[in-house]
Amino acid sequence: MRYAETGFNLEVDLTRGNIEKVATDPRDTALYLGGLGTNAKILWDRVGPEVTPFSPENLLIFSAGLLCGTPATGCNRTILSTISPQTELMAFSMMGGFWAPELKYAGYDKVVLRGKSEKLVYLWIHNDTVEIRDASHLAGKGSVETAEMIRQELKQPKAQVAAIGLAGENRVYYASVEQGRSSASRGGIGAVMGDKRVKAIAVRGTKDINLAKPEEFITLCNDVLAYIKHREDNPIKGVMTILQGLGSPQEMKVHDEKWHTENFMWGNSRTRRKGFWNEEIEKAWTDTLEGSRTRLISCFNCPMKCGATISMPGVPTYMMKCFTKLTYTMAAYSDLDFGLRIAQKATEYGLDGFSTPQVMAFALELLEAGILKPDDFPGLPESNEDRFFYLLDMIVNREGIGDVLAKGTYWAAKEIGNGAEEYAHNTIKKHEQLPLKLSMLNPIYFLMYSVGEKINITQIEGQFPQAPFPKREHREKFCEDWIQVPHEKFKQYFIDWELRGENSIPYYPTVEMTCDIVEWQEMMHYIDDALGQCAGLSSFPLKPPYHIHNYPKFISAGAGIDMDEETLSDAAKRYRTLVRAVNIRRGMRREDDRPPENHWKKRFPELEEKLLDGYYQLKGWNKEGIPAKEALEKMGLGYVAEDFIQRGILTEDETADVQTETQTQ
Amino acid sequence: MAGKTKEKKIVKTIKIDVDKCNGCRACEVICSAFHASPKYSSNNPARSRIRIIREPLRDIYVPVYAGEYTMAECAGRDKYTIDGKEYDECSFCRASCPSREEFKEPDSGLPLKCDMCEGEDEPLCVKWCLVDALTLEEREEEVEEQEEMEDLELGLESLADKFGIQTMMDTLARMSKDDKSK
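The structure displayed is predicted, hence computed values, not measured ones. (Residues numbered from 1 in each chain as written. Chains lettered and ligands numbered in written order. Predicted model: local features only at pLDDT ≥ 70, side-chain atom pairs only at ≥ 80, totals over all residues. Heavy atoms only, no water.)

### Let's talk about the packing of helix 13 (residues 355–368) of chain A against helix 14 (residues 384–396) of chain A
All names here are of chain A.
- Between helix 13 and helix 14, the shortest axis-to-axis distance is 10 Å and the interhelical angle comes to 110°. By the criterion of interaxial angle, the relationship of helix 13 to helix 14 is roughly perpendicular. From helix 13, Thr356, Pro357, Val359, Met360, Ala361, Ala363 and Leu364 reach across to helix 14, where they touch Asn384, Arg387, Phe388, Leu391, Leu392 and Ile395.
- Its residues placed into classes, the contact of helix 13 with helix 14 shows 10 nonpolar, two polar and one charged. (Axes fitted to C-alpha atoms, helices over the stretch in contact; angles between N-to-C directions. Helix = DSSP H or I, 4+ residues; strand = E, 2+ residues; numbered from the N terminus. Parallel < 35°, antiparallel > 145°, perpendicular 65-115°, else oblique. Contact = heavy atoms within 4.5 Å. Nonpolar A, V, L, I, M, F, W, Y, C, P; charged D, E, K, R; others polar.)

### A look at helix 16 (residues 408–416) of chain A
- All buried positions along helix 16 of chain A are accounted for by Gly408(A), Thr409(A), Trp411(A), Ala412(A), Ala413(A) and Ile416(A).
- Immediately beyond the C-terminal end of helix 16 of chain A, within one or two residues, lies Gly417(A), with a positive phi of roughly 65°. (Buried < 20%, exposed > 50% of the residue type's maximum accessible area, 1.4 Å probe, protein only.)

### A word on the sheet that holds strand 4 (residues 78–83) of chain A
Residue and element names in this part refer to chain A.
- Taken in spatial order, the six strands line up as 2-1-6-3-4-5 in an open sheet, and their pairing is mixed. On the outer flanks of this sheet lie strand 2 (18–23) and strand 5 (90–95), each paired with one strand and no other. Neighbour-to-neighbour, the strand axes of this sheet turn through a mean angle of 15°, independent of strand direction.
- Direction of pairing for strand 3 (residues 60–64) relative to strand 6 (residues 110–114): antiparallel, over a ladder of four bridges. Bridge pairing in strand 6 links Leu60 to Leu113. (Pairing = 2+ DSSP bridges.)

### Side note on the environment of Asp233(A)
- Inspection of the secondary structure assignment puts Asp233(A) in helix 7 (residues 214–233).
- The spacing of Asp233(A) and Gly245(A) is 12 residues in sequence and 9.2 Å in space, taken between C-alpha atoms.

### Quick word on the domain arrangement of chain B
All names here are of chain B.
- For chain B, the assigned domains read domain 1 (7–146) and domain 2 (151–182).
- The gap between the C-alpha centroids of domain 1 and domain 2 is 28 Å.
- Facing the seven residues of domain 1 at the interface are six residues of domain 2.
- Buried surface at the junction of domain 1 and domain 2, summed over both partners, amounts to about 600 Å²; 65% is from carbon and sulfur atoms.
- Broken down residue by residue, the surface that domain 1 buries against domain 2 is led by Tyr69, Leu110 and Pro111, which jointly contribute 61%.
- Run the count over domain 1 and domain 2 and you get zero salt bridges.
- Where domain 1 touches domain 2, the interface holds zero residue pairs in polar contact (both at pLDDT 80 or more).
- Grouping the constituent residues of the side of domain 1 that touches domain 2 by class yields five nonpolar, no polar and two charged. (Domains from an automatic or database assignment. Buried area = accessible area lost by both parts, 1.4 Å probe. Salt bridge = Lys/Arg side-chain N within 4 Å of Asp/Glu carboxyl O. Polar contact = N/O pair within 3.5 Å; in protein donor to acceptor, adjacent residues only side chain to side chain.)

In structure tokens form, the structure reads like this:
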């Protein structure tokens with residue numbers, strides 16, 4: 001019997017309309033865990049570098065995490081993997097909600113889509129019955145609307161539906177997949193789904209998920225619940241409000257938006273509005289949120305309330321989570337009321353809340369600069385807010401200039417030319433990032449931004465405080481119950497970290513310390529993404545209930561795989577490297593490992609190179625950021641090394657030369 | 001079945017505060033895990049003795065735990081309007097009845113009933129509901145003592161209703177004979 005996982009994937013060939021239930025190899029689970037890990041393995045094995053995002057050979061994988069469907073609190077994420085149209089690299093966006101556990105209860109760990117359907121279809125998975133159904137009547141429907149319509153026509157109110165909106169159907173490069181109160185937004189996964197002509201996947205399951213050591217597993221769950229209670233009663237002092245507790249940033253709960261509105265950039269990542277937040281705005285925004293938020297809501301089996309139902313007069317009800325609350329508002333220099341209204345439309349269209357507002361602000365900037373002409377915007381409304389609604393429709397319908405803008409700032413700027421590229425200034429690996437411009441380079445963040453292959457800073461940071469606390473005694477106090485550290489040395493790193501003087505940024509934490517910190521934070525996120533655990537109870541907040549010391553026990557007791565801290569760290573490293581390998585094979589190199597040009601005012605080119613060198617060295621990668629043969633073989637990825645050598649990406653006798661060079665210097 | 005006598009007894013009820021429910025369904029997960037055999041060895045919300053009626057877009061979140069099995073469905077089903085939202089009476093019913101799939105074992109169709117997690121300090125759905133939508137209330141009451149039906153008895157009774165007691169006894173006799181011959 002397989003524990004925690006079902007041991008079966010659904011393989012759907014959309015071109016031929018063929019559906020197969022395929023047993024998976026438990027040895028792959030031991031090596032790559034599940035979720036992101038086994039997704040990466042499938043993409044490596046089956047999607048070569050010649051496969052373009054919109055070719056039938058590209059796969060789109062919907063995967064439940066290894067522990068989804070077990071009683072592990074907050075473990076509910078679906079990990080979607082494919083080749084992204086925007087970055088042309090591996091995309092692995094995640095969504096919470098209710099879909100992944102339902103898939104497990106239906107008896108499957110993954111749904112692997114290949115080929116392309118001729119007409120628009122949806123998939124209906126009901127335990128052992130799986131059908132490809134006509135979706136022509138759903139063409140152009142909103143993602144939330146589609147989910148409701150499918151539930152009604154199937155007479156299955158409990159079915160969970162992941163759907164795309166018009167943006168996905170029209171292959172907008174930053175189209176999302178929406179589900180429950182969640183979405184998989186980054187990397188344009190919705191565009192690939194639309195390209196395959198799949199409008200939705202509905203699933204309903206009523207089967208059991210088994211545990212290897214039941215009593216032990218439930219004890220671990222109870223400990224996690226007790227710790228969540230403890231953290232609720234003991235918020236962390238000295239950090240900003242949204243970082244004090246657990247959960248993914250509690251944006252739906254928080255009214256005080258001083259920090260975000262004054263530190264993040266408005267417009268197309270242009271203006272920092274210091275002193276923006278005042279009493280009048282606070283009152284207006286509080287009233288807006290209070291007046292539209294019906295209820296704080298959760299994902300499957302999680303007590304945190306990170307999302308909200310939003311009902312505004314004259315606007316259909318929808319559900320929102322996290323930072324989309326502010327992205328449209330800030331891009332348009334508007335207010336929260338506008339932000340929540342346009343987000344409803346964007347959710348139905350199925351769009352990434354990070355990229356979309358920036359692309360629209362970018363278009364208006366190009367118009368102002370004379371790079372785009374008034375002719376490009378026929379019938380452009382007067383008011384700023386109306387312009388954003390106008391642009392949203394242009395992009396989603398791919399009308400006129402909207403057709404170009406649908407590719408995101410990087411590709412649109414290239415196509416528009418005439419100096420437009422100067423304006424696409426906030427991308428990493430061709431994808432829009434959080435609009436930040438800070439003063440002094442922070443070595444930890446520099447590295448996380450540069451090497452993060454998830455294309456989103458919030459999905460690699462966490463665990464280690466974002467800044468030093470002003471007083472040593474506060475830092476010492478923080479360390480007293482810091483049980484999550486993998487090694488005691490991290491406490492000392494933090495205690496010695498000062499705001500000013502010798503031990504302050506950018507030269508402290510040192511290169512070595514920075515690499516350690518980044519590796520720890522990254523490892524936790526990668527473990528979460530294989531298990532299907534929400535980062536909000538694990539890798540993202542400070543002092544979370546899940547950490548490197550209890551995770552191995554969860555895996556052993558849940559999945560019945562012998563696991564200790566070392567084997568788990570090795571597994572995370574293995575599939576982290578495999579993600580890198582997929583991207584390296586697609587042409588990614590050191591040059592791509594860099595943050596947006598003007599992300600920090602004060603830069604330190606030499607230090608930045610040392611940070612990259614240090615990180616590569618720690619990983620066993622060569623100076624180009626390519627995992628070296630030795631390191632690959634050591635972690636059981638000899639087949640990657642062979643492939644690299646065959647393709648001339650590595651030479652036969654090549655080692656991780658960073659170390660040698662640093663030593664000789 | 002035991003005779004009925006008046007006795008003082010601690011009556012346990014689960015108080016439900018729908019305003020606090022966040023719709024996460026942790027109650028369904030732990031309920032089905034607790035009642036698995038061996039205990040916690042599996043979980044499956046479809047086997048849970050509590051369920052959440054969940055319609056996020058209409059802001060309906062109502063946890064309901066399983067009550068008595070009933071062999072017949074209701075004659076009429078009233079509609080209720082609460083806070084401007086319309087509810088079907090049937091939605092909130094605790095009974096396992098022929099017209100619904102709720103509170104039935106998905107494999108056998110046998111009825112399920114909440115037993116307040118007998119043997120535990122409190123029902124586990126209450127323990128796992130960190131948002132306090134479910135709380136345990138205990139009060140002392142004079143009640144007519146009646147022996148609690150066990151799961152098996154409950155199941156058998158529903159089978160007797162369906163097939164008739166004689167058919168069932170014949171079948172049982174045949175089954176035990178088959179068993180002996182193995």
